[in-house]
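Reading the structure
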Amino acid sequence: KSMIDSMEGYPDSVKFLHNNPAWDHQAPILSDVLYVREEYRTALENVLEPYLSYYVVDDLSTGLKAVQLLDANRKGKANFFLLDKLMNQSADAVAQPAQPGLVAAMDVVEVDPKYRKLAQHLLGQVFIAENEDALAQATAPVVIEKSGKYVRGRYSLTGGSVGLIEGKKIGRAKNLEKLNEEIEAQDRIVEDLRSRMQEKHNEVIAFNEDMRET
């Protein structure tokens, strides 16, 4: 799947474009192309929240089609990342952790090669602090405390309580893909066990027949 099944929590404009037959492009939204290790999802969602409902399109013309459709139907505004522009940019240098206790955001994110430059653009300078001491001492451009309570930029600090639904939005489609893969793997194990049980059952029947003949 390249699109999430439920659009709950997304703007009306995004819901309108989702699988809209008048827009002939199955573009994903940003939250669908990233998969983040579970323990870091809440932290990274605090950084990526403004961009999670952005569509990721191949080029300007694809985005313009969607904008024209929204305008014609009075469905509000949507945002788009343009992949072709990002592909032409040189990769941003990734700052190294200044001390132990920092984890590079790109090290806990899985993303298809097609979208890696986009992820690098958004997260290449972002690090996750394992605790408040690491957050306070860090010199990296953007540092997030692991639980998601704090986001510290060069000249700013954002933070507060963490909502119960935070960390649930990012990577939903990728998570569904992984769950489907796990289910398929378990199904194969179950089928193999059934086959082996049937073989043993047949052996028992044959053994009983031999016993009767004896």
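Keep in mind that what you see is a predicted model, and the values were worked out from it rather than measured. (Residues numbered from 1 in each chain as written. Predicted model: local features only at pLDDT ≥ 70, side-chain atom pairs only at ≥ 80, totals over all residues. Heavy atoms only, no water.)

As for a negative patch on the surface
Formally: Only residues whose relative accessible area exceeds 30% and that form no salt bridge enter a patch; like-charged residues are grouped when within 9 Å of one another, and nonpolar side chains (Val, Leu, Ile, Met, Phe, Trp, Tyr) when within 5 Å. All accessibility values rest on the Shrake-Rupley procedure with a 1.4 Å probe; residue burial counts only the protein chains present in the view. By definition, a salt bridge exists where a carboxyl oxygen of Asp or Glu is found within 4 Å of a side-chain nitrogen of Lys or Arg. Charge counting follows a simple rule: Lys and Arg are positive, Asp and Glu are negative, and His as well as the terminal groups are ignored. Charge placement uses NZ in Lys and CZ in Arg. For Asp and Glu, CG and CD serve respectively. Counting from the N terminus, the helices are DSSP H or I runs at least four residues long and the strands are E runs at least two residues long.
There is a patch of like negative charges on the surface, built from Glu 181, Glu 182, Glu 184 and Asp 187. Of note, Asp 187 is situated in helix α8 (residues 172–213).

Quick notes on the pattern of salt bridges
Oppositely charged side chains may form a pair once their charged atoms are brought near each other. Filter applied, for reference: Note on exposure labels: buried denotes an accessible area under 20% of the residue type's maximum, exposed denotes more than 50%, and partly exposed covers the range between, all computed with a 1.4 Å probe on protein chains only.
For the structure shown, the criterion picks out 9 salt bridges. Notably, a salt bridge pairs Glu 39 with Lys 146, separated by 2.9 Å at the nearest N-O pair. Here Glu 39 is found in the loop between β1 (34–36) and α3 (41–48), whereas its partner Lys 146 is found in the loop between β7 (142–145) and β8 (150–152), with 107 residues between them in sequence. Classification of Glu 39 as partly exposed rests on a relative accessible area of 42%. As a salt-bridge pair, Glu 209 and Arg 212 come within 2.9 Å of each other at their nearest N and O atoms. Of this pair, Glu 209 and Arg 212 both sit in helix α8, separated by 3 residues, roughly a single helical turn. Of the residues examined, Glu 209 reaches a relative accessible area of 38% and is grouped as partly exposed. Assessed through its relative accessible area of 61%, Arg 212 is described here as exposed.

So, the packing of aromatic side chains
Threshold: Stacked, edge-to-face and tilted are the three classes for Phe, Tyr and Trp ring pairs, Trp counted by its six-membered ring, which pair at centre distances within 6.5 Å; planes under 30 degrees apart are stacked, over 60 edge-to-face, the rest tilted.
Applying the stated criterion to the full structure yields 6 aromatic pairs. Between Trp 23 and Phe 80, the aromatic rings sit 6.3 Å apart at their centres with planes inclined by 80°, giving edge-to-face as the arrangement. Placement of Trp 23 in the loop between α1 (12–17) and α2 (30–33) and of Phe 80 in strand β3 (residues 80–82) is noted, with a sequence separation of 57 residues between them. Residue class for Trp 23 comes out buried when judged on its relative accessible area of 3%. Ring pairs connect the aromatic residues Trp 23, Tyr 55 and Phe 80, which therefore count as one cluster.

Points about the sheet that holds β7
Spelled out, the test is: For two strands to be treated as a pair, DSSP must find no fewer than two bridges joining them. For helices, the fitted axis covers only the stretch in contact; all axes are lines through C-alpha atoms, and the angles between them, taken along N-to-C directions, range from 0 to 180 degrees. We call two residues contacting when some pair of their heavy atoms lies within 4.5 Å.
Taken in spatial order, the 5 strands make up an open sheet running β4-β6-β7-β8-β9, and their pairing is mixed. Single-partner strands in this sheet number two, and they are β4 (102–104) and β9 (157–159). With direction set aside, neighbouring strand axes in the sheet form an average angle of 25°. Sheet topology places strand β6 (residues 126–129) next to β7; 4 bridges connect them, and they run parallel. When the bridges of β7 are listed, Ala 129 appears paired with Glu 145. Packing of α3 onto the sheet brings it into contact with β6, β7 and β8, and relative to β7 it is tilted by some 140°.

Focus on the pairing of β6
Quick note on the threshold: Orient the strands so they point away from the viewer; a crossover is then right-handed if the path from the first strand over the helix to the second runs clockwise.
What you see with β6 is no split at all: Val 126 and Ile 128 on one side and Phe 127 and Ala 129 on the other are buried throughout. Where β4 meets β6, 3 bridges bridge the pair, whose relative direction is antiparallel. Each bridged residue has a counterpart across the sheet, and for Ala 104 the counterpart in β6 is Phe 127. In this fold, β6 hands off to helix α7 (residues 132–137), which returns the chain to β7; that crossover is right-handed.

Focus: helix α4 (residues 60–72)
As a reminder, the rule being used: For a helix, the expected span equals 1.5 Å multiplied by the number of residues minus one. The arc under discussion is defined with respect to the helix axis, by the directions toward the C-beta atoms.
Taking 1.5 Å per residue as the helical rise, α4 with its 13 residues ought to reach 18 Å, and the 18 Å between its terminal C-alpha atoms agrees with that figure. Taken together, the buried positions of α4 are Thr 62, Gly 63, Ala 66, Leu 69 and Leu 70. Along α4, the residues classed as buried sweep out an arc of 120° about the axis, all on the same side. Seen from the open side of α4, the exposed residues pointing more than 90 degrees away from its buried face are Gln 68, Asp 71 and Ala 72. One or two steps after α4, the chain reaches Arg 74, where phi turns positive at roughly 50°.

Focus: the nonpolar core
Inclusion rule: In this text, buried Ala, Val, Leu, Ile, Met, Phe, Trp, Tyr and Cys residues form a nonpolar core when linked through side-chain atoms within 4.5 Å.
Grouped together as the largest cluster of nonpolar side chains are 31 residues, with contacts concentrated most on Leu 30, Leu 34, Leu 44, Val 108, Val 109, Leu 123 and Ile 144. Counting residues per element, the ones that place at least two in this core are α2, β1, α3, α5 (83–87), β5 (109–111), α6 (116–123) and β6. Formed by 15 residues, the second largest nonpolar core is a distinct cluster that contains Leu 17, Ile 29, Val 57 and Phe 80.

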